[in-house]
Amino acid sequence: MSQGLNMVVCIKQVPDSAQIRVHPVTNTIMRQGVPTIINPYDLYALEAALALRDKMGGTVTVLTMGPPMASTALRKALGHGADRAILLSDRFFAGADTLATSYALTAAIRKVGETTPVDIVFTGKQTIDGDTAQVGPGIARRMELNQLTYVSAIPAIDREAGEITVHRRAEGGVQVLKTKLPCLITMLEATNELRRGSMPDMLRAERADIETWNAEAAGVEDIGKCGMKGSPTKVSKVFAPQPRAEKAAMIEGDTAQAKALSALDVLTTADPKLIQVIARQTAAA
Amino acid sequence: MAQAPNTPAAGRGKKLELPEHLKCYKHVWVFIELEHGRVHPVSWELLTEGRKLATALDVDLAGVVLGPAGEGTDQAVAETFHYGADRVYLIEDPLLENYRTDPFTKALTDLVNTHKPEVMLLGATTLGRDLAGAVATTLATGLTADCTELAIDPNRNLAATRPTFGGSLLCTIMTQQARPQMATVRPRVMAMGEPDRARSGEVVRERLDMAEEQIVTKVLDFIPDADTNQAQLAYADIVVAGGLGLQKPENIRLVKELAEVLGAEYGCSRPLIQKGWMTADRQIGQTGKTIRPRLYIAAGISGAIQHRVGSEGADRILAINTDPNAPIFDFAHHGIVGDALQILPALTEAFRNRLSVDRLAG
Amino acid sequence: MTQREHFDAIVVGAGPAGNSAALTMAREGLNVLQIERGEYPGAKNVQGAILYADALEKLIPDFRDSAPLERHVIEQRMWMLDDESFVGTNYRSDRFNEQRPNRYTIIRAQFDKWFSGKVKEAGALVICETTVTGLLRDKRGRVIGVATDRDQGEVTADVVVLADGVNALVGSRAGLRKELTPRDVALGVKETIFMPREVIDARFNLKGKEGVVIEAAGSVTAGMAGTAFLYTNGESVSIGVGCLISDFAESEVRPYYLLERFKAHPAIAPLIEGGEVKEYAAHMLPEGGYNAIPQLYGDGWVVAGDAAQMLNAIHREGSNLAMTSGRIAGETIAAAKAKGKPMTASTLKAYKRALDDSFLMKDLKKYRRLPKVLHDNKHFFTDYPRLLTHAAETMLRVDGVAKRDKEKAVMGSFRSERGLRGLASDVLKMSRAWR
Ligand SMILES: Cc1cc2nc3c(=O)[nH]c(=O)nc-3n(C[C@H](O)[C@H](O)[C@H](O)COP(=O)(O)OP(=O)(O)OC[C@H]3O[C@@H](n4cnc5c(N)ncnc54)[C@H](O)[C@@H]3O)c2cc1C
Ligand SMILES: Cc1cc2nc3c(=O)[nH]c(=O)nc-3n(C[C@H](O)[C@H](O)[C@H](O)COP(=O)(O)OP(=O)(O)OC[C@H]3O[C@@H](n4cnc5c(N)ncnc54)[C@H](O)[C@@H]3O)c2cc1C
Ligand SMILES: Nc1ncnc2c1ncn2[C@@H]1O[C@H](COP(=O)(O)O)[C@@H](O)[C@H]1O
């Protein structure tokens, strides 16, 4: 039997952005009490890796760069069935943008690969706090992995030939791509559903010692390329969006029909060409 | 982008001087996204925006066209001028027929290294984001994704503003010590200018030094979206969308019926995708599509910030909600407080009647 | 089948009762597994609330150093409302600004998470997002573990502590207790309204970490047995209304409607004006009191906290009773374990005995008649608030009517509304219920 796949899944712990509030007086982010979650997009990457492991054998290592409390995210991933968890944590990593993040993660992934070469690195499509979708391509470039972004399915892997076929979402369609391992895959959302771990998974996760690596342990060569220092982009200002000056003008009416008729009136008065536009559209269809 | 900080004043006070070797970087570039012989409209939007930046910097505006030799590429070059470019950097090569990361990254990085632009804009599409991430890492420069506003600051830096933390905040990001300053912008965020068919300009041709054998990734197939409506939502003139207020999956019908009468596209808020009531390509919002229609009708949608950022670019928004305090009324232009399940059919009826009257009247 | 893991004790639920039990046992060296269905401890307990220091101090004496406490309470306002006005009493004292304050406002989601951290530090294994679906029993009916909604989800233990909150589904499904009746449970609806700290300080006349509690009864509950409240947190206020489920069912009034009315009351609206509603939650409270307390122990199990109906509705104490009963359950089990005793009903009876000796059972016993009195005498929530507010208005309005005539009119209004006999019997009922 051929050897299983050695996979690394990069996950990030992020604040649940739905619950973030802006302080109306000071205009700062109020993070107090905002729960953190695993970046939702990374869950699709995790499941894709777990599914491949089930099919082909191998190991799934979850990796995150973040503060010590990010170990919660890793433990959660273990509870879903990941085999190993590594926390990359060092004050030198603080304030990293995507370029610096991909630099540090690359060092750690190389380290993981020292014992057994890594076949596939998975990341989510993007994060919900940074939201850039750059870290994946960044890692791929640095490690010279074949880059497969927005992957929706992995129909085939040929372990002997070291080949992988994926479906990649493109504008207006799906590309079917074939490339060689090792590769980097950023997984598209809604492509699978993360499994619930079993009770033994949960117990193992709770008991696990999370391996924590600092820059040195991860084999980072140039501290200057990490964190704030290694980040070409700088946030110069954070501010709350301007609320619209006035609220919606309410359309009144006693019945739904009456309201609909006034709405029609209001809309066609505000935009006299509206009916023409509709007529053109419906004629075209 | 950098991690958004806790405080607004995270930018450190010190003004950074651009390193000497980067001072020769000049001009604003827009990557023209050409695939299957067609240019993604976001490229035209970016040219319109790029023109403003070029004017502010008093430099030229250029488009980058990568594609196989042929009609589609010729057309793309011509249109790039129509939409305002002074110059086009062109690489024609059969390897650039279908998008793949490697040849496109090489082509674009080589162009940048030879011609040194100070600002480079790409569409935040699946292609643009794939390419931008790879190119920025290779060039070790800063990249700001999904910008909603671009401006030039007094020190000639690109100030790129984008939503952060799920759209609850905006942040402005600068790349002060690296060039080019890269940014991606989602389709429909910037307005598209009118083309000037008489315009033309200089074409600078370069070559792609690459052979098929050097490219590991092969395109086996391209499966176009069977559902041709797929890409239309972002460009539709009228959009009707429903949210959890529709209550049951059956009621999606009411949205579709109104959309049909209006010749509109239909969409929804995210929970409906999660419940499987609609397909993911119909989600409107931060993690879905940004729309910019003439008219947006939102029924039973609360107007959460993530939905708002994807829809408030509409010229006119009509919101239907049972709750008079729903946040959607904070950014809609017109509101109806009422049950969407009754208002939607009534609207469908009202529009249908009006249209048939108009038709009869000729 | 794969091997089931065995623990000394399994605790179901990570609310105050479960956390107290797990903490106590883990500290005594027991091998404890705690199972919580929420995404994290406190995830389902979103509301802000009052924390009584005493019960927690017994478990974590230095909790003030690290617990997420919002404000300590220096003022209590008790209001009787009618639609436009209220009469009430305030008690505010600088003495509450003591070194170790007695009452705090907290946000449960944060507090429970912190508490759970202490439980983990003590060595218990805590797993979340896992629902206990049933109890495992041996042939003789002894409880020997739990079943959960996960694959290979069964785990066994010498004893199971049921601290799964007011629904107590695990116990009732297993037939350890009767199902709850609508008269034994109240439904509380609550909102957290965000307001900047400075605004709260100004509106409630507070500085530093001082806080205020408002308890209100009267027309807000639309004639049902219940109360409303407002607590100040650091940067939000918690506001809510609670009434018996049976009353909601009878009156067909929607709970949310009551809350909206309370928020719109002229005495409340200015306090919360401009605030942003952050979250809305509905939660049940066991209000059956002493008479509704089920069997508390059996072979291989004990029950604590809301699941055991331990709530003092009159004084709005719940979490402290939960912590106390959880702690006592834990102590009982740890002591039995130390002595090598089997976890049988006769061993665990010591739990009930210890509870009976504590303030907890004494308080619950004292008010045992109150739930019924309040339920059967709705005029306490309708007539009296109206009469009292009118009385206050009559007395305060200076309009040339002699004070003595005013007093007469007030007394007359009471008499005509309730009748002399009614008044006397109300006084008697209340005083007996309070005894
Ligand atoms: C990282 C992240 C990204 C997200 N991205 C997106 C995104 O891209 N797009 C998006 O939409 N959401 C997104 N969300 C989710 C978003 O936060 C909201 O949860 C979501 O938009 C709410 O959808 P809704 O308005 O349909 O539902 P609800 O918020 O539940 O609102 C339903 C509304 O319907 C009204 N209603 C009820 N009954 C009726 C009736 N009969 N007639 C009329 N009105 C009625 C209610 O008053 C209410 O206002 C995201 C969330 C996160 C955390
Ligand atoms: C609106 C309102 C206001 C209140 N205000 C106060 C106040 O100010 N002060 C005060 O002292 N008390 C207050 N209370 C009462 C207090 O909240 C409860 O008495 C207290 O929370 C009881 O603690 P508990 O641990 O028994 O139950 P809970 O806190 O309900 O905890 C039970 C836990 O078990 C979990 N669970 C349930 N079933 C399962 C299962 N099958 N498997 C796994 N896990 C399960 C639940 O998710 C939950 O986390 C208030 C209650 C309400 C509703
Ligand atoms: N700090 C981090 N630690 C681990 N993985 C990360 C981190 N930041 C980003 N990633 C991964 O990179 C993907 C894209 O992130 P982003 O470029 O920030 O949108 C995420 O979905 C993660 O898989």
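Residues numbered from 1 in each chain as written. Chains lettered and ligands numbered in written order. Predicted model: local features only at pLDDT ≥ 70, side-chain atom pairs only at ≥ 80, totals over all residues. Heavy atoms only, no water.

Visitor: Got a sec to walk through the interface of chain C and chain A? Specific residues and values, please.
Guide: A common measure of how large an interface is: the accessible area buried when the components associate. Contact with chain C, which involves 28 residues of that partner, is made by 19 residues of chain A. For the pair chain C and chain A, the summed buried surface comes to about 2000 Å²; carbon and sulfur atoms form 54% of the total. If you sort the residues of chain C by the area they bury against chain A, Leu 125, Ile 127 and Arg 150 of chain C come out on top, with a joint share of 25%. Counting every contact that joins chain C to chain A gives four salt bridges. (Contact = heavy atoms within 4.5 Å. Buried area = accessible area lost by both parts, 1.4 Å probe. Salt bridge = Lys/Arg side-chain N within 4 Å of Asp/Glu carboxyl O.)

Visitor: Please set out the site of ligand 3 residue by residue, giving values where relevant.
Guide: All names here are of chain A. Around ligand 3 there are 20 residues in total, and Cys 10, Asp 42, Thr 127, Thr 132 and Ala 133 lie nearest to it. Asn 39 is positioned such that a nitrogen or oxygen atom in its side chain is 3.2 Å from an oxygen atom of ligand 3. A distance of 2.8 Å separates an oxygen atom of ligand 3 from a polar atom in the backbone of Gln 134. Its free accessible area being 480 Å², ligand 3 has 98% of it covered by the protein chains. Class assignment for the residues of the shell around ligand 3 results in seven nonpolar, 10 polar and three charged. (Near = heavy atom within 4 Å. Polar contact = N/O pair within 3.5 Å; in protein donor to acceptor, adjacent residues only side chain to side chain. Areas by Shrake-Rupley, 256 points an atom, 1.4 Å probe, with all protein chains shown as cover. Nonpolar A, V, L, I, M, F, W, Y, C, P; charged D, E, K, R; others polar.)

Visitor: Explain empty space enclosed by the protein to me, using residue names and the numbers behind them.
Guide: According to the stated counting rule, one finds six cavities of 30 Å³ or more in the structure shown. By volume, the largest cavity amounts to about 90 Å³. Lining the largest cavity, in full, are Asn 146, Gln 147, Arg 168, Gln 175 and Leu 177 of chain A together with Tyr 99, Arg 100, Thr 101, Asp 102, Asp 130, Ile 215 and Thr 217 of chain B. If you list the elements that add at least two residues to the lining of the largest cavity, you get β9 (146-158) and β11 (173-180) of chain A together with α3 (101-115) of chain B. A per-class count over the lining of the largest cavity returns three nonpolar, five polar and four charged. Lining the second largest cavity are 14 residues, and of these Thr 98, Leu 99 and Gln 134 of chain A together with Ala 136 and Thr 137 of chain B lie nearest its centre. If you list the elements that add at least two residues to the lining of the second largest cavity, you get α3 (98-115) of chain A together with α4 (126-139) of chain B. The residue inventory of the lining of the second largest cavity, partitioned by class, reads four nonpolar, nine polar and one charged. (1 Å grid on protein atoms, 1.4 Å probe; cavity = no way out; pocket = protein on both sides within 12 Å on 5 of 7 lines; lining within 4 Å. Points joined across faces, edges and corners; volume = space filled by probe spheres on them. Helix = DSSP H or I, 4+ residues; strand = E, 2+ residues; numbered from the N terminus.)

Visitor: Account for the packing of aromatic side chains, naming residues and giving values.
Guide: Residue and element names in this part refer to chain C. Scanning the model with the defined rule gives 11 aromatic pairs over all chains in all. Consider the rings of Phe 111 and Phe 115, whose centres lie 5.9 Å apart with planes at 65°: the pair is edge-to-face. Separated by four residues within a single helix, Phe 111 and Phe 115 lie in helix α3 (residues 108-121), roughly one turn from each other. Taken as a pair, Phe 111 and Phe 115 share a single burial class, namely buried. One residue, Lys 113, lies across the ring of Tyr 40, its end atom 4.3 Å from the ring centre. (Phe/Tyr/Trp six-rings, centres within 6.5 Å; stacked < 30°, edge-to-face > 60°. Buried < 20%, exposed > 50% of the residue type's maximum accessible area, 1.4 Å probe, protein only. Lys NZ or Arg CZ within 6 Å of the ring centre and 35° of its normal.)

Visitor: Quick one: what's the story with the packing of helix α9 (residues 319-338) of chain C against helix α11 (residues 359-366) of chain C, residue by residue and with numbers?
Guide: All names here are of chain C. The contact between α9 and α11 brings their axes to 10 Å, and the two run at 135°. The orientation of α9 with respect to α11, classified from their angle, is oblique. Here Asn 320, Leu 321, Thr 324 and Ser 325 of α9 come into contact with α11, specifically with Phe 359, Leu 360 and Leu 364. A class-by-class count of the residues in the contact of α9 with α11 yields four nonpolar, three polar and no charged. (Axes fitted to C-alpha atoms, helices over the stretch in contact; angles between N-to-C directions. Parallel < 35°, antiparallel > 145°, perpendicular 65-115°, else oblique.)

Visitor: Before we move on, could you go through the site of ligand 2 and cite the residues and values that matter?
Guide: All names here are of chain C. With respect to spatial proximity, 35 residues lie near ligand 2, and among them Ala 17, Glu 36, Arg 108, Asp 306 and Ser 319 are the closest. Interatomic distance of 3.2 Å between a backbone N/O atom of Pro 16 and an oxygen atom of ligand 2. Residue Tyr 231 places a side-chain N or O atom 3.2 Å away from an oxygen atom belonging to ligand 2. Across the complex, the protein chains shield 96% of the 990 Å² of accessible surface that ligand 2 would expose by itself. Elements supplying a minimum of two residues to the shell around ligand 2: α1 (16-27), β3 (48-52), β15 (276-286) and α9. Considered class by class, the residues forming the shell around ligand 2 number 16 nonpolar, 10 polar and nine charged.

Visitor: Which residues make up the interface of chain A and chain B, and what values go with them?
Guide: Contacts between the two partners involve 88 residues from chain A, matched on the other side by 96 residues from chain B. Counting the surface lost from both chain A and chain B, the interface buries some 8200 Å², and carbon and sulfur atoms represent 58% of this. Taken together, the connections running from chain A to chain B amount to five salt bridges. Note that Asp 102 of chain B is salt-bridged to Arg 141 of chain A, the shortest N-O span being 2.8 Å. Counting the contacts that link chain A with chain B gives 26 residue pairs in polar contact (both at pLDDT 80 or more). The biggest single contributor to the side of chain A that touches chain B is helix α6 (residues 256-270) of chain A, with 11 residues. Its residues assigned to classes, the side of chain A that touches chain B shows 41 nonpolar, 25 polar and 22 charged. Here strand β15 (residues 249-250) of chain A pairs with strand β18 (residues 334-337) of chain B via two bridges, running parallel. When the sheet's bridge partners are listed, Ala 249 of chain A is paired in β18 of chain B with His 334 of chain B. (Pairing = 2+ DSSP bridges.)

Visitor: Which residues make up the domain arrangement of chain C, and what are the values?
Guide: The assigned domain composition of chain C is domain 1 (6-62 + 106-178 + 294-357) and domain 2 (371-434). One C-alpha centre belongs to domain 1 of chain C, the other to domain 2 of chain C; they are set 44 Å apart. (Domains from an automatic or database assignment.)

Visitor: Any details on the side chain of Ser 311 of chain B? Residues and values, ideally.
Guide: Mapped onto the fold, Ser 311 of chain B is located in helix α7 (residues 305-311). Setting aside residues up to four positions removed in sequence, Ser 311 of chain B forms contacts with Ile 284, Ile 291, Tyr 296, Ile 317 and Phe 331 of chain B.

Visitor: Describe in detail the environment of Thr 175 of chain B, supporting the description with residues and values.
Guide: If you trace the backbone, Thr 175 of chain B turns up in strand β10 (residues 169-175). On a C-alpha basis, the gap between Thr 175 of chain B and Leu 143 of chain B in space is 7.8 Å, while along the polypeptide they are 32 residues apart. Among all residues touching Thr 175 of chain B, those that are not within four sequence positions of it are Pro 232 and Thr 233 of chain A together with Thr 141, Gly 142, Asn 157 and Gln 181 of chain B.

Visitor: I'd like a rundown of α1 of chain C, residues and numbers included.
Guide: Residues and elements named next belong to chain C. Between its first and last C-alpha, α1 extends 16 Å over 12 residues, near the 16 Å set by a 1.5 Å rise per residue. The buried fraction of α1 is high, at 11 of 12 residues. Among the residues making up α1, those that are buried are Pro 16, Ala 17, Gly 18, Asn 19, Ser 20, Ala 21, Ala 22, Leu 23, Thr 24, Met 25 and Ala 26. If you follow the buried residues of α1, they end up packed against β1 (6-12), β2 (32-35), α3, β10 (155-162) and α9. Residue Gly 29 follows α1 closely and has a positive phi angle near 90°. (Expected span 1.5 Å × (residues − 1).)

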